[in-house]
Amino acid sequence: MGKPKLGDLLRHMLREVRRTGTEKHRTLGSGLEVAVRTGPDRLRLTRAGPWEPGEAAEREGHTCAQAIGWKLYRLDWKTGKSGRHYLIVTHTGLDELLEMAG
């Protein structure tokens with residue numbers, strides 16, 4: 001059995017967070033660091049090295065959201081006290097309404 005696909009891994013992390021109520025962290029093979037929280041479902045993305053807000057970093061956020069199957073989500077940049085940048089990908093929870101309307 002090979003490595004899990006990105007969407008499978010992120011969905012598994014979300015299920016675990018819902019079950020335990022504890023944030024889950026994982027560093028992907030690409031070096032992308034992912035933390036998963038719920039209420040609402042969201043991902044916090046960052047990298048160990050320099051990572052600046054911009055189109056390339058936001059593409060990673062889009063890739064993660066789409067891999068999970070989120071159609072409606074928001075990207076927000078946050079900066080920690082240390083100056084480290086985080087991209088927060090938040091599921092809007094409106095995918096079901098979009099499907100019903102379509």
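Engineer: Residue-level account of the overall build of the chain, with values.
Structural biologist: A tally of regular secondary structure across the chain gives 3 helices and 5 strands. Order of helices (α) and strands (β) in the chain, N terminus to C terminus: α-β-β-β-α-β-β-α. Buried residues in the chain amount to 33% of all 102 residues. By sequence separation, contacts in the chain at least 24 residues apart represent 38% of the contacts at least 6 residues apart. Here the chain displays about 6500 Å² of accessible surface, and carbon together with sulfur accounts for 53% of that area.

Engineer: I'd love a proper account of the pairing of strand β5 (residues 85-91), names of residues and values included.
Structural biologist: The buried fraction of β5 is high, at 7 of 7 residues. Where burial is concerned, the two faces of β5 agree: the one with H85, L87, V89 and H91 and the one with Y86, I88 and T90 are both buried. Here 4 bridges tie strand β3 (residues 42-47) to β5, and the two strands are oriented antiparallel to one another. Counterpart to L45 in the pairing with β5 is L87. Counting the residues that bridge the hairpin from strand β4 (residues 73-79) to β5 gives 5 residues, and of these G83 lies at a positive phi of roughly 95°.

Engineer: Tell me what's going on with the packing of helix α1 (residues 6-20) against helix α2 (residues 55-68), and back it up with residues and numbers.
Structural biologist: Where α1 meets α2, the closest approach of the two axes is 8 Å, and the angle between their N-to-C directions is 75°. Classified by the angle between their axes, α1 and α2 sit roughly perpendicular to one another. Within the contact between the two elements, α1 uses L6, G7, L10, R11 and L14 and α2 uses T63, C64, A67 and I68. Looking at the contact of α1 with α2 residue by residue, the class counts come to 6 nonpolar, 2 polar and 1 charged.

Engineer: Tell me about the environment of A67, residues and numbers included.
Structural biologist: Along the chain, A67 falls in helix α2. Among the residues examined, A67 registers a relative accessible area of 25% and is labelled partly exposed. As a C-alpha pair, A67 and G7 span 60 residues in sequence and 4.3 Å in three-dimensional space. Once you skip the residues sitting within four places of it in the chain, A67 turns out to touch L6, G7 and R11.

Engineer: With reference to specific residues and values, describe the side chain of D41.
Structural biologist: Position of D41 among the secondary structure elements: in the loop between β2 (32-37) and β3. A polar contact of 2.4 Å, which involves the side chain of D41, links it to the side chain of R18. Among all residues touching D41, those that are not within four sequence positions of it are L14, R18, W70, V89, T90 and H91.

Reading the values: the criteria
- Residues numbered from 1 in each chain as written.
- Predicted model: local features only at pLDDT ≥ 70, side-chain atom pairs only at ≥ 80, totals over all residues.
- Heavy atoms only, no water.
- Helix = DSSP H or I, 4+ residues; strand = E, 2+ residues; numbered from the N terminus.
- Buried < 20%, exposed > 50% of the residue type's maximum accessible area, 1.4 Å probe, protein only.
- Contact = heavy atoms within 4.5 Å.
- Areas by Shrake-Rupley, 256 points an atom, 1.4 Å probe, with all protein chains shown as cover.
- Pairing = 2+ DSSP bridges.
- Axes fitted to C-alpha atoms, helices over the stretch in contact; angles between N-to-C directions.
- Parallel < 35°, antiparallel > 145°, perpendicular 65-115°, else oblique.
- Nonpolar A, V, L, I, M, F, W, Y, C, P; charged D, E, K, R; others polar.
- Polar contact = N/O pair within 3.5 Å; in protein donor to acceptor, adjacent residues only side chain to side chain.

None of the figures reported here should be taken as evidence of function without further support.
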